[in-house]
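# A structural walkthrough
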Amino acid sequence: MKSTDLTGKVCILLTRHKMPDEWRDSGAQPLREIFEDAGYTAELELCDDPVAMNTFLRTSCVPGDIVVIGGGDGTINAVLDAVIEAGVVMIPLPLGTANDFARSLYIPDDILQAARATINGQIAMLDIGRVNGQSFVNAASIGVPADARKRIDPNLKRWTGAISYAVANWQSWHEMKPLELRVTCGGNPPQDLKLRQLTVTNGQYFGGGLRPRENKRLDDGKLHMFAIQADVDTLSGMDIAAELLFGSIDDSDYAISQECDEIGVEGAEGEPILADGEIISKLPARFTLDAKVLPVFAPNAFHGEADRHASFQDQEIVNDIALDALGLSLRLSAIYPLATDSGMKAICHDTANDLRDINRRLELALRPYGLPTSSPDPDLHSLEQLRDRAMSWMLPDADQRLARGLKTQSTLIDDALAACAIDKVPDDIAVPLTDMQKLIGNLQRQLDDFQE
């Protein structure tokens, strides 16, 4: 599909319970304005669930409409086929727990930033994975992840987000019996394997920020499979988790990794298959790929293009500073409830509030230039939170360790600010950068004093 095929209409589909409270009276006016400013007619439709979204897609949309889907990976999975059948172009708004599909497209976590980045991007034709005829975009898993899905505590998921997935997977790893499977990947000979887990990925991310390989994309025309063998112990399993975190599972000594366009799995008949956060089928399984069938508006960062409107000096440094500063403010907020020392709590609370204010001013100043070009790197966020929480439970010097981590993170921003020619950027950008420089310097002094 090309941009010339578009009708000029944007249909925003939000589930009623995901609608931000501050938008209810205005009919999501801040969101609609972004699409209207880009030259489109925007309409809002509140839906009770993905079933209602599918009904709207099939009865109220015409080919060439743009459809904004608010939800997480499960919602995206539920509307895939209807989007393709209707001939519309999808924009995903990340309103779920993990939002791996949005991450794979380099879509920011913030709703308004996500809308702005996508509608000013370009149409991408994405691949869709299928297992026994059922669609998935991110990944489909057999074994531990499917078993863990049944163990997730809804209350823990609501309060801790992606951490709930890690907790459930940990339980399944220790309690689930390994599966005896026959696996055939493409034209390779079948392999008889005893496995804890087999995962087939289409997207770059899955499982709340994990990724199988550095260069996996939603449009590369391939399925990637990795399998964890039954004799992998807990310590080696943690090595695999680290390799998934950094996109290097192909280099693992503990996992079998292959890439092809069709995969067959037999054995353990009736075992569930988890795809994009939901159980959608059961063994035996046949995994296939439909290449370039899903039209999606994706940010320019996904297409590998820098923004063409930014023109001031050191724009790349400023872009990185904006992203890293937002990441630091998120980390400060995450550490605050974990810190036990009142001084450490005060540092995190006060600095996070002040830094958020500076970040908002910087974002507004950078918006006319199309910056920042992506969201903060999500790879480490979920597991960092889990690590910090475990650290606070187990280690007597947890606050000191957290302080050292904040010092390292803030030093990177301080170095970038020092390398930036602040006096040569536009004044409305220079002011929040100068304020940030003072705040980061003060934060580092407070952290030094705390560690003495």
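An account of the accompanying structure is given in this report.

### Considering the overall build of the protein chain
Counting secondary structure elements, the protein chain contains 14 helices and 15 strands. The buried share of the protein chain, taken over its 452 residues, is 52%. Roughly 20000 Å² of accessible area belongs to the protein chain as shown, and the carbon and sulfur atoms make up 48% of that amount.

### Topic: the packing of helix α10 (residues 315–335) against helix α13 (residues 398–419)
Relative orientation of the contacting elements α10 and α13 amounts to 160 degrees, with a least axis distance of 10 Å. One way to sum up the angle between α10 and α13 is to call them roughly antiparallel. Between α10 and α13 lies a crossing whose hand is left-handed. Facing α10, whose interface residues are I317, I321, D324, A325, G327, L328, R331, L332 and I335, α13 presents L402, L406, Q409, S410, I413, A416, L417 and A419. In terms of residue class, the contact of α10 with α13 is built from twelve nonpolar, three polar and two charged.

### Points about the pairing of strand β9 (residues 191–201)
Here β9 lies mainly inside the structure; eight of its eleven residues are buried. When strand β8 (residues 179–185) meets β9, the two strands line up antiparallel, connected through five bridges. Within β9, the position partnered with V183 by the bridge is Q191. Between β8 and the antiparallel strand that follows it, β9, lie five residues; G186 among them carries a positive phi value of about 60 degrees. Judged from the six bridges that link them, β9 and strand β10 (residues 223–229) form a sheet pairing that is antiparallel. Looking at the pairing, L195 lines up with Q229 of β10.

### Comments concerning the packing of aromatic side chains
This structure, assessed with the given rule, holds three aromatic pairs. Centroid distance Y106 to F302: 6.4 Å. Interplanar angle 55 degrees. Geometry classified as tilted. You can see Y106 sitting in the loop between α4 (100–104) and α5 (111–119) and its partner F302 sitting in the loop between β15 (285–298) and α10, a full 196 residues away along the chain. The exposure class assigned to F302 is buried, which follows from its relative accessible area of 2%. Pairing F136 with F287 gives two aromatic rings, centres 6.4 Å apart and planes at 85 degrees, and the pair type is edge-to-face.

### Comments concerning the pattern of salt bridges
Applying the stated criterion across every chain yields a total of 15 salt bridges. Between D290 and R130 there is a salt bridge; the shortest N-O distance is 2.6 Å. With D290 in strand β15 and R130 in strand β5 (residues 122–131), this residue pair connects regions lying 160 residues apart in the sequence. Overall, D290 belongs to the partly exposed group, its relative accessible area being 27%. Judged by its relative accessible area of 16%, R130 is buried.

### Some thoughts on unusual backbone geometry
Excluding glycine, residues mostly carry a negative phi; peptide bonds, for their part, are mostly trans. Across the junction of L283 and P284, the peptide omega takes the value 5 degrees, indicating a cis bond. Its location among the elements puts P284 in the loop between β14 (278–282) and β15. One non-glycine residue, D314, lies in positive phi territory at about 60 degrees. With respect to the secondary-structure elements, D314 resides in the loop between β15 and α10.

### Re the nonpolar core
Counting residues in each nonpolar core, the largest one holds 54 residues, and the members touching the most others are F35, F101 and L294. No other element matches the six residues that helix α3 (residues 73–86) contributes to this core. Among all residues touching L294, those that are not within four sequence positions of it are L80, V83, I84, M90, F101, A124, M125, L126, I128 and V137. Listed in part, the 38 residues of the second largest apolar core include I335, L362, A416 and L443.

### Examining the state of the cysteines
Working definition of a disulfide: a covalent bond connecting the sulfur atoms of two cysteines. In this structure the tally under the stated criterion is one disulfide. Across a sulfur-sulfur distance of 2.2 Å, C185 and C260 are joined as a disulfide pair. Disulfide C185 to C260: torsion about the S-S bond roughly -105 degrees, handedness left-handed. Taken as a pair, C185 in strand β8 and C260 in strand β11 (residues 255–260) lie far apart in primary sequence, 75 residues in all. For C185, a relative accessible area of 1% puts it in the buried group. With relative accessibility at 13%, the residue C260 sits in the buried group. C11 carries a free sulfur, and the closest cysteine sulfur to it, the one in C61, is 4.3 Å from it.

### Some thoughts on the environment of E271
On the secondary structure map, E271 appears in the loop between β12 (262–266) and β13 (272–275). Here the alpha-carbon distance between E271 and D147, two residues 124 residues apart in the chain, equals 9.1 Å. Excluding residues within four positions of it along the chain, E271 makes contact with M176, L179, S281, K282 and L283.

### Here's the deal with the pairing of strand β2 (residues 41–47)
Across seven bridges, strand β1 (residues 9–15) lies against β2 in parallel orientation. Bridging from a neighbouring strand, L14 pairs with L46 of β2. Regarding the hand of the β-α-β motif, the stretch spanning β1, helix α1 (residues 29–37) and β2 is right-handed.

What counts, and at which threshold
- Residues numbered from 1 in each chain as written.
- Predicted model: local features only at pLDDT ≥ 70, side-chain atom pairs only at ≥ 80, totals over all residues.
- Heavy atoms only, no water.
- Helix = DSSP H or I, 4+ residues; strand = E, 2+ residues; numbered from the N terminus.
- Buried < 20%, exposed > 50% of the residue type's maximum accessible area, 1.4 Å probe, protein only.
- Areas by Shrake-Rupley, 256 points an atom, 1.4 Å probe, with all protein chains shown as cover.
- Axes fitted to C-alpha atoms, helices over the stretch in contact; angles between N-to-C directions.
- Parallel < 35°, antiparallel > 145°, perpendicular 65-115°, else oblique.
- Left-handed = near helix turned anticlockwise from the far one by under 90°.
- Contact = heavy atoms within 4.5 Å.
- Nonpolar A, V, L, I, M, F, W, Y, C, P; charged D, E, K, R; others polar.
- Pairing = 2+ DSSP bridges.
- Phe/Tyr/Trp six-rings, centres within 6.5 Å; stacked < 30°, edge-to-face > 60°.
- Salt bridge = Lys/Arg side-chain N within 4 Å of Asp/Glu carboxyl O.
- Core = buried A, V, L, I, M, F, W, Y, C linked by side-chain atoms within 4.5 Å.
- Disulfide = S-S within 2.5 Å.
- Right-handed = clockwise from strand over helix to strand, strands pointing away.

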